[in-house]
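Topology and contacts: notes
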Amino acid sequence: MNGIFYFSGTDNSLWLAKQIRAELGGEIRYIPQWNGDISAYDRLIIVCPVYSFGLPVPVFDFMKEVRTDAPLWIVLNYGGAAGSAAKFAYNHAKDCGLNIKRVYTMKMPENFTAVFSTPLIKPYNKGLLKKAPVAIGKIISSIKNGEEKAFPSDKPGKHKLYNENKSNWGKMGERFSVSSACTLCGKCVKNCPAENIEIKDGKITFGNKCIVCQACYHRCPNQAVMYQNKPNKMPYFNPGVPENEMGTDIL
Ligand SMILES: Cc1cc2nc3c(=O)[nH]c(=O)nc-3n(C[C@H](O)[C@H](O)[C@H](O)COP(=O)(O)O)c2cc1C
């Protein structure tokens, strides 16, 4: 059976995982909650966003911890430029002793809008989402055919930016706050994969375990979550995923 493991802040990766499952079958598993038996799967597919030309922390750690000989394909999606993310993921999988076959990258709407602005975001995203079924369809066919593609090893000292950013992501949580539009609905608390948000003394508080997924920022129904005291003017989450599926397994 295929084990389709995903991590996602704004559901692009879950949408892709669902397309893969619809064609190839298997179980969709949410990486931050995974504590099952990996031997149940004879083929692994990891689906996640590119973070700083590298991998989100839960995916990076999952690959270090999981022990299996099952062949692995990785599907990365990115908002602007994937850089060397595919090579990074391939070599990380190798370093972790995983049976990596191939890493794919495809473009999806940018969700790091707290930091990077995308011009004409609505029409631009609409265009990307329209092209996405064809792009993921090609990747699915390639996985189905068992295609492989190797990358050369990385030179020591490569991915400096990723390593620097990764070590700072925890602190980034402290730059989030909520405006007076917050109704204490608790959605940000529930959606945070790092359990970094809580309601303390009747107020939303952010800790230092943030993994910068942007789920709180984009999913707030009142656009009350702010980054560096600025409200979110461009909330985004993948429109093809029902809200109650976010952060869940689909079996
Ligand atoms: C912390 C962070 C870092 C990111 N780094 C990159 C990057 O290096 N290159 C890029 O093109 N997109 C980057 N993105 C954008 C996401 O990879 C992209 O929007 C992805 O589709 C989001 O997937 P999701 O909805 O499954 O979370 C970054 C997003 C976040 C939150």
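Preceding block: the structure.
We now turn to the structure provided with this report. (Residues numbered from 1 in each chain as written. Predicted model: local features only at pLDDT ≥ 70, side-chain atom pairs only at ≥ 80, totals over all residues. Heavy atoms only, no water.)

Turning next to the overall build of the chain. In terms of regular secondary structure, the chain is built from 7 helices and 10 strands. For a compact globule of 251 residues, the expected C-alpha radius of gyration is about 18 Å, and the chain comes in at 18 Å, within 12% of that figure. Across its three principal directions, the C-alpha atoms of the chain cover 50 × 40 × 35 Å. Within the chain, buried positions represent 51% of all 251 residues. When the accessible surface of the chain is summed, it comes to about 12,200 Å², and 51% of that surface belongs to carbon and sulfur atoms. (Helix = DSSP H or I, 4+ residues; strand = E, 2+ residues; numbered from the N terminus. Rg over C-alpha atoms; globule rule 2.2 N^0.38 Å. Buried < 20%, exposed > 50% of the residue type's maximum accessible area, 1.4 Å probe, protein only. Areas by Shrake-Rupley, 256 points an atom, 1.4 Å probe, with all protein chains shown as cover.)

This part is about the pairing of strand β1 (residues 2-6). Across the 5 residues of β1, 5 count as buried, placing the element largely inside the fold. Burial along β1 is two-sided: the residues N2, I4 and Y6 and G3 and F5 are all buried. Across 5 bridges, the pairing between β1 and strand β3 (residues 43-49) is parallel. Bridge assignment links G3 to a residue of β3, and that residue is L44. On the question of chirality, the crossover connecting β1 to the parallel strand β2 (residues 27-30) by way of helix α1 (residues 12-24) is right-handed. (Pairing = 2+ DSSP bridges. Right-handed = clockwise from strand over helix to strand, strands pointing away.)

On to the layout of surface pockets. As a volume, the largest pocket reaches approximately 500 Å³. Considering the residues around the largest pocket, the lining is formed by 27 residues, among which V50, Y51, S52, E110 and F112 are closest to the centre. Residue assignment for the lining of the largest pocket shows that the elements contributing at least two residues are α1, β4 (71-78) and α5 (160-172). Among the elements that make up the lining of the largest pocket, the one with the highest residue count is α5 (3 residues). (1 Å grid on protein atoms, 1.4 Å probe; cavity = no way out; pocket = protein on both sides within 12 Å on 5 of 7 lines; lining within 4 Å. Points joined across faces, edges and corners; volume = space filled by probe spheres on them.)

Counting residues in hydrophobic clusters, the biggest one holds 82 residues, and the most contacted among them are L55 and M63. Composition of this core by domain shows at least three residues from each of domain 1 (2-156) and domain 2 (160-229). Not counting residues up to four positions away in its chain, the partners in contact with M63 are I46, L55, I74, A89, H92, A93, C96 and L98. (Core = buried A, V, L, I, M, F, W, Y, C linked by side-chain atoms within 4.5 Å. Domains from an automatic or database assignment. Contact = heavy atoms within 4.5 Å.)

Moving on, we come to the packing of helix α2 (residues 57-65) against helix α3 (residues 85-95). In the contact formed by α2 and α3, the axes pass within 9 Å of each other and the chain directions differ by 30°. In terms of their interaxial angle, α2 and α3 are classed as roughly parallel. Every residue of α3 that contacts α2 at F60, M63 and K64 is listed here: F88, A89, H92 and A93. Residues that form the contact of α2 with α3 fall into these classes: 5 nonpolar, 1 polar and 1 charged. (Axes fitted to C-alpha atoms, helices over the stretch in contact; angles between N-to-C directions. Parallel < 35°, antiparallel > 145°, perpendicular 65-115°, else oblique. Nonpolar A, V, L, I, M, F, W, Y, C, P; charged D, E, K, R; others polar.)

Moving on, we get to the environment of L76. Within the secondary structure layout, L76 lies in strand β4. Residues L76 and A86 lie 10 residues apart in sequence; the distance between their C-alpha atoms is 7.4 Å. In this structure L76 touches C48, V50, L55, A85, A86, A89, V103, Y104, T105 and M106, once residues within four positions along its chain are discounted.

Now for the state of the cysteines. A covalent bond between the sulfur atoms of two cysteines is referred to as a disulfide. For the coordinates displayed, the defined rule picks out 0 disulfides. The thiol sulfur of C182 is not disulfide-bonded, and the nearest other cysteine sulfur, from C188, lies at 6.3 Å. Residue C182 is classed as partly exposed on the basis of its relative accessible area of 25%. (Disulfide = S-S within 2.5 Å.)

Evaluated as defined, the whole model comprises 16 aromatic pairs. Pairing F5 with W34 gives two aromatic rings, centres 4.9 Å apart and planes at 90°, and the pair type is edge-to-face. With F5 in strand β1 and W34 in the loop between β2 and β3, this pair connects stretches of sequence that are 29 residues apart. Owing to a relative accessible area of 0%, F5 belongs among the buried residues under this scheme. Through a chain of ring-to-ring contacts, three or more aromatic side chains come together here, namely F7, Y51, F60, F88, Y162 and W169. Here the guanidinium or amino end of K166 rests over the ring plane of F60, the centre of that ring lying 4.0 Å away. (Phe/Tyr/Trp six-rings, centres within 6.5 Å; stacked < 30°, edge-to-face > 60°. Lys NZ or Arg CZ within 6 Å of the ring centre and 35° of its normal.)

Further remarks concern the side chain of S8. Assignment of secondary structure puts S8 in the loop between β1 and α1. Here the side chain of S8 touches D11 through a polar contact of 2.8 Å, landing on its backbone nitrogen. Ignoring sequence-local partners within four residues, the contact set of S8 consists of S13, L14 and Y30. (Polar contact = N/O pair within 3.5 Å; in protein donor to acceptor, adjacent residues only side chain to side chain.)

Attention now moves to the pattern of salt bridges. Scanning all chains against the criterion turns up 11 salt bridges. Taking the shortest distance from any N to any O, the salt bridge between K18 and E245 comes out at 2.6 Å. Taken as a pair, K18 in helix α1 and E245 in the segment after β10 (230-231) lie far apart in primary sequence, 227 residues in all. Of the residues examined, K18 reaches a relative accessible area of 23% and is grouped as partly exposed. E147 is the partner of R102 in a salt bridge, and the nearest nitrogen-oxygen pair spans 3.1 Å. Note that R102 is positioned in strand β5 (residues 99-107) and E147 in the loop between α4 (121-144) and α5, a separation of 45 residues in sequence. Linked through salt bridges whose partners overlap, the residues forming this network are D11, K187, R219 and E243. (Salt bridge = Lys/Arg side-chain N within 4 Å of Asp/Glu carboxyl O.)

These values are about where atoms sit, not about what they do.
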